[in-house]
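# Coordinates in review
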Amino acid sequence: MTAPATTFDAFCRAEQAMLLRYFRRRVGRDAAPDLAQEAFMRVLRSGAFDRIDYPRPYLLRTARNLVFERTRRKAREGATFPFDEACDAAQPPEQIRRMEELDIRRVFRPALLAMRPRTRRIFLMSRLRQQTYREIADELGISVKSVEKHMTRALVRCRKAFATRYG
C-alpha cells in the first residue's frame, strides 16, 4: 500500500465510530453505516483529503450535507401522491359548495314537485324562509300540529329521494 492510502485508511478507522454516532442520532441505526461509507467516499473522491490539514471538519461537513440531501430526497418522495379525482381535484371551497348544492337540488326537485301543494309550501317556508312552526301555523291559519304533520310527510319524501340517489 502507498502512504496516502494508508493515511486515509487510518483516518477512516479513527473517525468511523464518531461518524456512525453522528448518523445514528440523525437518521437512525439502519441508514447510518451506508451514510458513513458514502461520506468517506465523497471525501476521498473530492481529493480534499490530500490538500487539507484538518480533514475531520471537512468530513463532518460532508456528513451534514448527506443528511440534508437525504431529508430533501425523502420530502420529495413523500410529497408525490397518486392523483385521486374524488378528493384531489383543485377546486375552491365555494365551487365545491355550489356543486353540492346543485346536486342536492337535482335530487330533491322531483321530490318537492311530487308533494301536495300545501305540504310543499310548508316545507319551503320552514327550510328556505327559516320560519318556525308557530310562524307558519299563524300565517296559514292552521295548528302547529298540522305543520308538524306536513313537515313529517315532506321529510319522509326527501329522505326517500336521497336514499334512492345515494343509498
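Structure first, text after, so check above.
Only a predicted model underlies this, so the values are computations on that prediction, with no experimental measurement involved. (Residues numbered from 1 in each chain as written. Predicted model: local features only at pLDDT ≥ 70, side-chain atom pairs only at ≥ 80, totals over all residues. Heavy atoms only, no water.)

### Quick notes on helix 7 (residues 117-127)
Which entries qualify depends on this criterion: When accessible area is computed with a 1.4 Å probe and restricted to protein chains, residues below 20% of their type maximum are described as buried, those above 50% as exposed, and intermediate ones as partly exposed. Put simply, DSSP H or I for four residues or longer makes a helix, DSSP E for two residues or longer makes a strand, and each gets a number counted from the N terminus. Throughout, the arc means that of the directions going from the helix axis to the C-beta atoms.
Every buried residue of helix 7 is accounted for by Thr119, Ile122, Phe123, Met125 and Ser126. Buried residues of helix 7, viewed axially, fall in a sector of 165 degrees; they line one side.

### What to know about the nonpolar core
A general tendency of soluble globular proteins is for nonpolar side chains to be buried together. The criterion, for reference: We call a set of buried Ala, Val, Leu, Ile, Met, Phe, Trp, Tyr and Cys residues a nonpolar core when their side-chain atoms join them within 4.5 Å. Here a residue-residue contact requires only that any non-hydrogen atoms of the pair lie within 4.5 Å.
Counting 21 residues, the largest nonpolar core has Phe8, Leu19, Phe23, Phe40 and Leu59 as its most contacted members. Listing elements by their share of this core, those giving two or more residues are helix 1 (3-27), helix 2 (32-46) and helix 4 (55-78). With nine residues, the top contributor of residues to this core is helix 1. Ignoring sequence-local partners within four residues, the contact set of leucine 59 consists of Phe11, Glu15, Met18, Leu19, Ala39, Phe40 and Val43. Leu112, Met125, Ile136 and Leu140 belong to the second largest nonpolar core, which has 13 residues in total.

### Points about the pattern of salt bridges
Here is the rule we go by: By convention in these notes, a salt bridge is any Lys or Arg side-chain nitrogen within 4 Å of a carboxyl oxygen on Asp or Glu.
Per the stated rule, a full pass over the model turns up eight salt bridges. A salt bridge links glutamate 139 to arginine 121; its shortest N-O distance comes to 4.0 Å. With a gap of 18 residues between them, glutamate 139 in helix 8 (residues 133-140) and arginine 121 in helix 7 connect regions that are remote in the sequence. Accessibility expressed as a relative area gives 43% for arginine 121, which makes it partly exposed. Note that arginine 134 is salt-bridged to aspartate 138, the shortest N-O span being 3.4 Å. With arginine 134 and aspartate 138 both in helix 8 and four residues apart, this pair spans about one turn of that helix. The exposed category is assigned to aspartate 138, whose relative accessible area is 52%. Shared partners join several salt bridges into a network, and the residues in it are Glu38, Arg42, Arg45 and Glu69.

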